[in-house]
Amino acid sequence: MPANRRRGALLVALAVTAIAGCSSEPEPPPNYRLRGDACTAVNPAEFEALTRATPTKTPSKLVTGLDGGNCDMEFDGSGGYAKLTTFIAIHTSGEAAARAMYDDFRKNDGERSGPGTDLTVTDVEGLGTAAYLYRQHDDAKPWAVNELWLYKYLVRHGSLVLTVNGSGYAREAGGWPATEEDLKAKVRKVTEDTMKTLKG
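Definitions and limits used
Residues numbered from 1 in each chain as written. Predicted model: local features only at pLDDT ≥ 70, side-chain atom pairs only at ≥ 80, totals over all residues. Heavy atoms only, no water. Salt bridge = Lys/Arg side-chain N within 4 Å of Asp/Glu carboxyl O. Helix = DSSP H or I, 4+ residues; strand = E, 2+ residues; numbered from the N terminus. Buried < 20%, exposed > 50% of the residue type's maximum accessible area, 1.4 Å probe, protein only. pLDDT = per-residue confidence, 0-100. Contact = heavy atoms within 4.5 Å. Expected span 1.5 Å × (residues − 1). Arc of directions from axis to C-beta. Disulfide = S-S within 2.5 Å.

1. Focus on the pattern of salt bridges
And step 1. All chains considered together, the criterion is met by 9 salt bridges.
And step 2. Note that Asp123 is salt-bridged to Arg106, the shortest N-O span being 3.2 Å. Within this pair, whereas Asp123 is found in strand E4 (residues 119-123), its partner Arg106 is found in helix H3 (residues 95-112), the two being separated by 17 residues in sequence.
And step 3. Judged by its relative accessible area of 54%, Asp123 falls in the exposed class.
And step 4. In this structure, the salt-bridge partner of Lys152 is Asp109, at a minimum N-O distance of 2.9 Å. Taken together, the residues Lys152 in strand E6 (residues 149-157) and Asp109 in helix H3 connect sequence positions 43 residues apart.

Written as structure tokens, this is what we have:
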């Protein structure tokens with residue numbers, strides 16, 4: 001085959017490969033499963049280090065018809081106090097039910113936030129199919145030690161609806177994150193780690 005024809009055939013092959021790569025569908029959501037109670041799916045390491053405390057754990061089951069559970073963890077140590085609540089709902093009936101639950105949560109949280117409150121709701125990328133962050137803080141003043149903080153991530157992915165709610169306060173400045181962004185990142189990491197555990 002002449003060199004120019006070989007070159008043309010190679011360019012066509014590369015173009016087809018590029019088009020195929022661009023049109024690939026995203027991976028479908030995994031089949032999430034909870035093995036044990038809800039607290040077994042939650043890694044408390046971030047909050048143990050933050051408060052210098054081992055948590056008390058209180059798991060509970062969900063209503064009939066939903067797989068999953070709820071886990072309350074409380075950390076009360078020399079570094080501060082924190083509460084971590086994780087809600088795991090796996091809808092055996094499919095994604096439509098998960099979407100309805102997520103939309104209902106999003107609507108209710110949106111109605112609680114807004115002008116005249118210290119609550120904000122912001123959509124988040126990179127977590128599941130849809131996600132948002134519910135945040136409580138008085139923006140009229142800087143974040144300070146002994147001030148309550150609250151971050152809640154709510155995620156929908158396939159049949160899973162996951163809520164991770166972290167709140168607390170510091171007893172001392174040393175060793176506690178200096179910015180709210182650092183605290184928010186800790187709650188997000190718990191969210192991501194819990195999703196990975198439920199996939200396994």
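Having seen the model, we can carry on.
2. Here we look at unusual backbone geometry
And step 1. We note that Arg52 has phi near 60°; this positive angle belongs to a residue other than glycine.
And step 2. As for its position among the elements, Arg52 is in the loop between helix H2 (45-51) and strand E1 (56-61).
And step 3. With relative accessibility at 43%, the residue Arg52 sits in the partly exposed group.

3. Regarding the confidence of the model for the protein chain
And step 1. For the protein chain, mean pLDDT is 83; residues scoring 70 or higher make up 80% of the total.
And step 2. Within the protein chain, no element has a lower average pLDDT than helix H1 (residues 3-22), which sits at 45, and none a higher one than strand E3 (residues 80-91), at 95.
And step 3. Note that pLDDT drops below 50 for residues 7-23; the model gives that stretch 0 contacts with residues more than four away or on any other chain.

4. Looking at helix H4 (residues 180-199)
And step 1. Relative to the 28 Å expected for 20 residues at 1.5 Å per residue, H4 spans 29 Å between its end C-alpha atoms, a close match to the ideal helical length.
And step 2. For H4, the secondary structure elements touched by its buried residues are H2, E3, strand E5 (130-136), E6 and strand E7 (160-170).

5. Some points on H3
And step 1. The first and last C-alpha atoms of H3 sit 26 Å apart over 18 residues, in line with the 26 Å expected at 1.5 Å per residue.
And step 2. Among the residues of H3, those classed as buried are Ala98, Met101, Tyr102 and Asp109. Down the axis of H3, the sector holding all buried residues measures 95°, keeping them to one side. Turned more than 90 degrees from where H3 packs its buried face, Ala96 and Glu111 sit exposed.
And step 3. The elements touched by buried residues of H3 are strand E2 (66-77), E3, E4, E5, E6 and E7.

6. Re the state of the cysteines
Disulfides are covalent bonds that link the sulfur atoms of two cysteine residues.
And step 1. This structure, assessed with the given rule, holds 1 disulfide.
And step 2. At a sulfur-sulfur separation of 2.1 Å, the disulfide partner of Cys39 is Cys71. Here the disulfide of Cys39 and Cys71 is right-handed, its torsion about the S-S bond being about 100°. Linking Cys39 in the loop between H1 and H2 with Cys71 in strand E2, this pair joins segments that are 32 residues apart in sequence.
And step 3. Accessibility expressed as a relative area gives 6% for Cys39, which makes it buried.
And step 4. Judged by its relative accessible area of 0%, Cys71 falls in the buried class.

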